Amino acid sequence: MRYILKRLGFYLLAAWVAVTLNFFLPRLMPGDPATALFARFRGMLAPEAMDALRETFGLTEAPLLIQYFTYLGHVFKGDLGISVAYFPAPVLQVIGNGLVWTVFLAGTAVVISFVVGTLLGVTAAWWRFGKVDTFVPPTAALIGAFPYFWLAMVALYVFGFKLGWFPLGHAYGDYVTPGFNFEFIADVARHAVLPVGTVVIATLGGWLLTMRNTMVSVLGRDYVNLARAKGLPPRQVALRYAARNALLPSVTGFGMALGFVLGGSLLTEIVFSYPGQGYLLVQAVRSQDYPLMQGIFLVITLAVLGANFIVDLVSLWLDPRIRESVS
Amino acid sequence: MSANPKGTVSTKTNGAAKTSAGARRGVAGGLATWVEAVKHDRRATFGACVIALFVLVAVFGPLFVGDPTDLVGIPMQPPSAEHWLGTTGQGQDVLAQLVVGTRASLLIGFSVGLIVVFVGALIGITAGYFGGRTDALLSLLFNVFLVIPGLPLAIVIAAYLPSGPLTLGFVLVVTGWAWNARVLRSQTLALRNRDFVAAAVVAGESNLRIVTREILPNMTSLIVSQVIGGTVYAIGAQVGLEFLGLGDVSAVTWGTNLYWAQNDSALLTGAWWTFAPTGLAVALVGFGLTMLNSGFDEITNPRLRMQRAWRAFLLGRGHEPSRSTPVVREHA
Amino acid sequence: MPEPIIEIRDLCVDYVTDEGPVRAIDRLNLVVERGEVLGIAGESGSGKTTLAKALLRILPPPAVITGGEVLFKGRDILSMDDEELRRMRWREISMVFQSAMDALNPVISVVGQITDTLLAHDECSAEEARARAGKLLDLVGIPRERLDSFAHQLSGGMRQRVGIAIALAMRPSVVILDEPTTALDVIVEREILERIRELQREFGFAVIFITHDLARMLQVSDRVAIFYAARLAEVGPAAELRRAPRHPYTEGLLQAFPSVHPGARTPRSIPGQPASLLNPPSGCRFHPRCARAIEICPKEEPGPTEIGPGHVAACHLAK
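J.: I'm lost on the side chain of threonine 211 of chain C in this one. Help?
T.: All names here are of chain C. As for its position among the elements, threonine 211 is in strand 8 (residues 206-211). Polar contacts involving the side chain of threonine 211 include one to the main-chain amide nitrogen of aspartate 213, which spans 2.9 Å. Other than its neighbours up to four places away in sequence, threonine 211 contacts Ile40, Ala41, Gly42, Lys48, Glu179 and Met217.

Spelled out as structure tokens, the structure:
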């Protein structure tokens, strides 16, 4: 299908831009990149680690173009270099350990927030000027104005520290054995309540307001009026005619908002010492572990691009017009 | 002679029709609408007051508090008569840090808000105005920047540059301009097809003149609301990056305050006063700006206004608004 | 003897604005008879579409019906509650919207938009509904393969035919056509109007045909009502209005269309701007544009004057 190929091409291009950025960023440093980079680490790193760093960035004597292709080759093979902070573990391995947790945290939060926010938006728009419409959107806007990680800090302080209802951090306790058993799953869920809840609360307002506003304008469209004139039951007018159409812009926006939500989710991880990419990212920033930092950037970007592609497939399924519009 | 553009342009982003003033009164008209919004809409009034308060604190506040980096007392003291908001893990005064931090944070917030819209306008309007290949290329550029997650990119860039406000501003612009470009492109595209622009093109006016005289004045309200949105983004993202330790951690800003609070394990010692006030300040500014924007939207959106008038008309006559056209028998 | 199916008595519709209500239909009295084609003509903003949507009570905010009665088979539509309205809609009165592109749901197939109507009113199985949808497409001359098409896959003419098929789904006794052919070319327009006329003869429903094209309307209608600035200017049998219009506005409209008297006269448009509803002219609302206005016209509103059987004009000169 043309549409799918076109989108796929776009994501490949975006991925290429990300990889290229990754290659050129170290070279953006003031002065000669190799010297500057190594000057920073002199004395801190073992010689083997320095070699690993050099290897990762392809900072050799070869011309820039050759360096670039060598780098592309490495990335293509999945070789993102060696981590400095977790020396001598390869970056990909370090990232792999945390990726599951990030995807779990951000994924759960985004899905819950999207579903709940969208339903509230439909409710607010359908009962225009009603109780939900009067109180929920401004409240959501107010909560949405707080930084995610700050909400996380408050949640942790109140529900973890003061009330002791939930654990203070990590994805699961030391007392359970990871695996497919009830204790482990229950413990993971208990640990996820606060971080997931924080991200959901912080992002709910965005989905709610988008859906409400689109739905309000869709309710004024002729096809909704015709549905009403046809004598369809109100539920059908609200859901099948209005909400279904109002959902389309929200779904398109979903892909773009994903990167943003993920950013907030990474910061939330840090507050809860959740063992995902956000936590690793902070470790990387603090120990100036550039290979790890860049690896995380690349992996997260690829994950977001992949998620965007899935969203495209969903909108293809939801909107028959897309199937032919790309010609 | 250029035609005098009058009428409404619909924005694809929020589905609201924004009234545009005449070309020459464009900017003044846009500002006049803002003044009207602040005067007549409760939310806009609230937002304006909050922002004004914070700007006053940013400008004059530091004159009234001591040096925020001074070690003035025992670390981690709860609020008291001497230190209204308590002390930090280092023994600094939290209130002084909050007040002094306001200046740096707002400065970066408002400048980045302006710059992202400027860059977005430059690229978005160019794409929308010239169309064709220029449009295809520039659209591709901002679409790519829209799907690359901003925070990780910002972190990677910031990590390589010397830490400080300039670096911070730079990464916020790099990761923030694309959305504005996208919105302004589609708005330009809509205006490009309007009669008065076509007339100017036929009359042989220069591109620069058409853009500055015919197109820009008709986007004033959209641009102002984008600057506000950009500022909200910039303040939030800036605080996030500084919280990660990517700012200058020796400077006093809202973000570094939170960074130190987290670093000093404020949470695990129960020192809520070291992080609560700063977060509230960030949220108040963000909420105030958002209210200002939505109040403005209400004033410029005739449909919203009419629906309110309709509802008031019905309620005033003892009728509930209904889905089927309501019947109020005034003339028996 | 013709028998009324809809009787509109003193109907008033207002649009609420910041500056207060604006009257969009002012004390309208009009009867629709069983099985007839009633044409309604007038400039845009004269209240034609407002009337159509008011009959179904689907006028969106900021509209409010502020007075009068609309008796359908003797029952007042304006007193019905939501559930009564829902059952009356489409089963009794249906409507073809102005733009089929906007009126068809872009993400639901043609068959889906017909069967949901059938299922909402009748107890029938999904297969049965689909079969009935196929028959409806036959009626309007669309091949059954198009059942599963979406609006964007159909031509403008086909979309409007689908709109008609949907309108006929419940065999209503009144079908309102709100400028159904404005977006179409002349040939498609003729085909569609002829088809409607045939269907109307076959099923015997009444048609309210709204248009600003008076010439076309006089060809297809039994009776014609002319609206000007929220008021009824003239109503009467089509042939009589064509031959001997009594309101200067009707006359002006007739002269504005060349096709009525081919070769006889060059078309002449009515001078001046349509009346503003925000600030309507005093007395007869047409007087500022009327070539034959007399002293009384700006001072007093002309009441309805019966000229002949079923022929009424609101003009001081008609007395």
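J.: Please explain the pairing of strand 4 (residues 63-72) of chain C as it appears in this structure.
T.: Residues and elements named next belong to chain C. With nine of its 10 residues buried, strand 4 lies for the most part within the structure. For strand 1 (residues 4-17) and strand 4, the ladder comprises eight bridges, and the chain directions are antiparallel. Bridge pairing in strand 4 links arginine 9 to glutamate 69. In textbook terms, the turn of a hairpin is the stretch between consecutive antiparallel strands, and for strand 4 and strand 5 (residues 75-76) this stretch comprises two residues, one of which, lysine 73, has a positive phi near 45°.

J.: Explain the side chain of threonine 278 of chain B here, please?
T.: Its location among the elements puts threonine 278 of chain B in helix 11 (residues 276-300). Setting aside residues up to four positions removed in sequence, threonine 278 of chain B forms contacts with Leu98, Trp254, Asn257 and Leu258 of chain B.

J.: How should the packing of helix 10 (residues 234-271) of chain A against helix 11 (residues 277-286) of chain A be read in this particular structure?
T.: Helix packing geometry: the angle between the two helix axes and the distance between the axes. All names here are of chain A. The contact between helix 10 and helix 11 brings their axes to 7 Å, and the two run at 75°. With respect to each other, helix 10 and helix 11 are oriented roughly perpendicular. Residues Leu266, Glu269 and Ile270 of helix 10 form the contact with helix 11, whose own contacting residues are Gln277, Gly278, Tyr279, Leu281 and Val282.

J.: In this structure, what is going on with the interface of chain A and chain B? I would like to understand it.
T.: A common way to report how large an interface is uses the accessible area buried once the components associate. Taken together, the contact between chain A and chain B spans 57 residues of the former and 47 residues of the latter. Here chain A meets chain B over a buried area of about 4800 Å², counting both sides, of which 78% is carbon and sulfur. Broken down residue by residue, the surface that chain A buries against chain B is led by Phe129, Met153 and Met256 of chain A, which jointly contribute 14%. Those elements that provide at least two residues to the side of chain A that touches chain B are helix 1 (2-24), helix 2 (33-41), helix 6 (131-144), helix 7 (148-162), helix 8 (182-219), helix 10, helix 11 and helix 12 (290-318) of chain A. Looking at which element gives the most residues to the side of chain A that touches chain B, the answer is helix 12 of chain A, with nine residues. A class-by-class count of the residues in the side of chain A that touches chain B yields 45 nonpolar, eight polar and four charged.

Parameters at a glance
- Residues numbered from 1 in each chain as written.
- Chains lettered and ligands numbered in written order.
- Predicted model: local features only at pLDDT ≥ 70, side-chain atom pairs only at ≥ 80, totals over all residues.
- Heavy atoms only, no water.
- Helix = DSSP H or I, 4+ residues; strand = E, 2+ residues; numbered from the N terminus.
- Polar contact = N/O pair within 3.5 Å; in protein donor to acceptor, adjacent residues only side chain to side chain.
- Contact = heavy atoms within 4.5 Å.
- Buried < 20%, exposed > 50% of the residue type's maximum accessible area, 1.4 Å probe, protein only.
- Pairing = 2+ DSSP bridges.
- Axes fitted to C-alpha atoms, helices over the stretch in contact; angles between N-to-C directions.
- Parallel < 35°, antiparallel > 145°, perpendicular 65-115°, else oblique.
- Buried area = accessible area lost by both parts, 1.4 Å probe.
- Nonpolar A, V, L, I, M, F, W, Y, C, P; charged D, E, K, R; others polar.

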